Amino acid sequence: MGAWYWIGVSAGLGAAAGVLLAGFAGRARPALIAVVIVAAGAGAAIGYGIESWEAGGWVDRLAGIAGGVLGALGAAVVVAGAHRRGGTRGGTAALVAAAAVVVAAIGWIPVLGYVEALALPALAARIRRRRPERYAGLRTLARD
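Residues numbered from 1 in each chain as written. Predicted model: local features only at pLDDT ≥ 70, side-chain atom pairs only at ≥ 80, totals over all residues. Heavy atoms only, no water.

Undergrad: What exactly am I supposed to notice about the overall build of the protein here?
TA: The helix and strand tally for the protein stands at six helices and zero strands. Across the 144 residues in the protein, those meeting the buried criterion constitute 36%. Within the protein, contacts between residues separated by at least 24 positions form 78% of all contacts whose residues are at least 6 apart in sequence. Carbon and sulfur atoms provide 69% of the accessible area of the protein, an area that totals close to 8300 Å². (Helix = DSSP H or I, 4+ residues; strand = E, 2+ residues; numbered from the N terminus. Buried < 20%, exposed > 50% of the residue type's maximum accessible area, 1.4 Å probe, protein only. Contact = heavy atoms within 4.5 Å. Areas by Shrake-Rupley, 256 points an atom, 1.4 Å probe, with all protein chains shown as cover.)

Written out as structure tokens, the structure is:
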């Protein structure tokens, strides 16, 4: 495989690291900022490891950083939505960790590492747009 493959693997594994870390973040914005920074560091470490093992150069690190940041931002929307709807921290973290394993496995497939690093934030934006509005419902009747 050429350098393009290993750059895609860096992006895919970086995205998996971002998803995994976002599962432990919760809803708090400071925690999300910390997770994005740590995911960027994890992506850089993954890219550095792949760079020292296979051809690719500094682009491996850049792809790993981008994958980590985009994966964390994409998964944070899902985690925040799960917590907002009553999901437990442990259960959400376990499910997101399982999803991170799937993302890491997909990252080894040629070209899909690039795709998933870009698709995770796009799916998160779609989920955010489709979030249901809050309605008063029957609470308005209780005031009478």
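Undergrad: Where do I start with the pattern of salt bridges in this structure?
TA: Any two side chains of opposite charge can pair, so long as their charged atoms come close to each other. Applying the stated criterion across every chain, the model contains one salt bridge. The closest approach of N and O atoms between Arg61 and Glu51, which form a salt bridge, is 2.7 Å. Of this pair, Arg61 sits in helix H3 (residues 58-84) while Glu51 sits in helix H2 (residues 29-53), and the two are 10 residues apart along the sequence. Overall, Arg61 belongs to the partly exposed group, its relative accessible area being 28%. Glu51 gets classed as partly exposed once you look at its relative accessible area, which sits at 25%. (Salt bridge = Lys/Arg side-chain N within 4 Å of Asp/Glu carboxyl O.)

Undergrad: Just to check I follow, could you spell out the environment of Ala124 for this structure?
TA: When you line up the elements, Ala124 lands in helix H5 (residues 112-129). For the pair Ala124 and Val77, spaced 47 residues apart in sequence, the C-alpha to C-alpha distance is 5.9 Å. Setting aside anything within four residues of it in sequence, one finds Ala124 in contact with Leu73, Gly74 and Val77.

Undergrad: What exactly am I supposed to notice about the side chain of Thr92 here?
TA: Here Thr92 lies in helix H4 (residues 89-107). A distance of 2.7 Å separates a polar atom in the side chain of Thr92 from the backbone oxygen of Thr88. With residues near it in sequence (within four places) discarded, Thr92 still touches Val79, Ala82, His83 and Gly87. (Polar contact = N/O pair within 3.5 Å; in protein donor to acceptor, adjacent residues only side chain to side chain.)

Undergrad: When you look at the nonpolar core in this model, what are you seeing that I'm missing?
TA: Note that soluble globular proteins tend to have their nonpolar side chains buried in a common cluster. Judged by nonpolar contacts, the single largest core of 15 residues is most densely connected at Val19, Val35 and Ala72. Breaking this core down by element, the ones donating at least two residues are helix H1 (3-23), H2, H3 and H4. Look past the residues within four positions of Val19 in its chain and what remains in contact with it is Gly71, Ala72, Ala75, Val96, Ala100 and Leu120. Of all hydrophobic cores here, the second largest spans five residues; its members include Tyr5, Trp6, Val9 and Ile50. (Core = buried A, V, L, I, M, F, W, Y, C linked by side-chain atoms within 4.5 Å.)

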